[in-house]
Amino acid sequence: MIGQQKHLEYTEDPEEDGLIEFVNERGAKALEIYREWKAKKAKDSLASNSPNIAIASERYSATSPYPNAKTARECEHALEQFQGFVGNVPISSVDVINVHDFAEFVGTNRSRKLIDKKLSYVRKMFDYAVRKGWVGNNVFAGLKL
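Residues numbered from 1 in each chain as written. Predicted model: local features only at pLDDT ≥ 70, side-chain atom pairs only at ≥ 80, totals over all residues. Heavy atoms only, no water.

Some words on the overall build of the protein chain
- A count of helical and extended segments in the protein chain gives six helices and zero strands.
- In the protein chain, the succession of helices and strands from N to C terminus is α-α-α-α-α-α.
- In the protein chain, once contacts between residues fewer than 6 apart in sequence are set aside, the share between residues at least 24 apart is 67%.
- Carbon and sulfur atoms make up 54% of the accessible area of the protein chain, which totals about 9900 Å². (Helix = DSSP H or I, 4+ residues; strand = E, 2+ residues; numbered from the N terminus. Contact = heavy atoms within 4.5 Å. Areas by Shrake-Rupley, 256 points an atom, 1.4 Å probe, with all protein chains shown as cover.)

Digging into helix H6 (residues 112-132)
- The end-to-end C-alpha separation of H6 is 30 Å, in line with the 30 Å expected for 21 residues at 1.5 Å each.
- Those residues of H6 lying buried are Ile-115, Lys-118, Leu-119, Ser-120, Tyr-121, Val-122, Met-125, Phe-126, Tyr-128 and Ala-129.
- Here the buried face of H6 lies against helix H3 (53-62), helix H4 (69-86) and helix H5 (96-107). (Expected span 1.5 Å × (residues − 1). Buried < 20%, exposed > 50% of the residue type's maximum accessible area, 1.4 Å probe, protein only.)

Let's talk about the pattern of salt bridges
- Counted according to the given criterion, the structure contains two salt bridges.
- Among the ionic pairs, Lys-70 bridges to Glu-74, the shortest N-O distance being 3.1 Å. Remark: Glu-74 and Lys-70 occur in helix H4; sequence separation between them is four residues, near one turn of the helix.
- A salt bridge links Lys-117 to Glu-74; its shortest N-O distance comes to 3.7 Å. Taken as a pair, Lys-117 in helix H6 and Glu-74 in helix H4 lie far apart in primary sequence, 43 residues in all. (Salt bridge = Lys/Arg side-chain N within 4 Å of Asp/Glu carboxyl O.)

Section: the packing of aromatic side chains
- Counting across every chain of the model gives nine aromatic pairs.
- Relative to Phe-140, the ring of Phe-126 lies with its centre 5.3 Å away and its plane at 45°, an arrangement referred to as tilted. Of this pair, Phe-126 sits in helix H6 while Phe-140 sits in the segment after H6, and the two are 14 residues apart along the sequence. For the pair Phe-126 and Phe-140, one class covers both residues: buried.
- Of the aromatic side chains, those joined through ring pairs into one cluster are Phe-82, Phe-85, Phe-102, Phe-105, Phe-126 and Phe-140. (Phe/Tyr/Trp six-rings, centres within 6.5 Å; stacked < 30°, edge-to-face > 60°.)

Right, here's the structure in full:
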């Protein structure tokens, strides 16, 4: 069989060149299927490793990211507010649409400074989640109000 494939590669016969195109098309399709499978497997492993928002917030807060008690309470409140908004879902299921909706929700009748502060607390928790491998990327990164 290997000898035949070498013969097909070096042939000048148009009928056999059609076979090479057929094999190349099948190979490209197989590669596409493999890449889709690989991406799904990576997503599934993230989802199975991903805690829900409450657990992620608790673990993040346990690292004492803010030494000041007032700031730590503000962070905790922002994380609770986020959890109340999206629900206690796996952190890997939060998407950009949830983030923008939350930003609009937080922005109702509040100052820009307060909105930025609340979003910053949640963004930093998502940075922590990226470092822990719970999410592939921080959906809060690059958020423009």
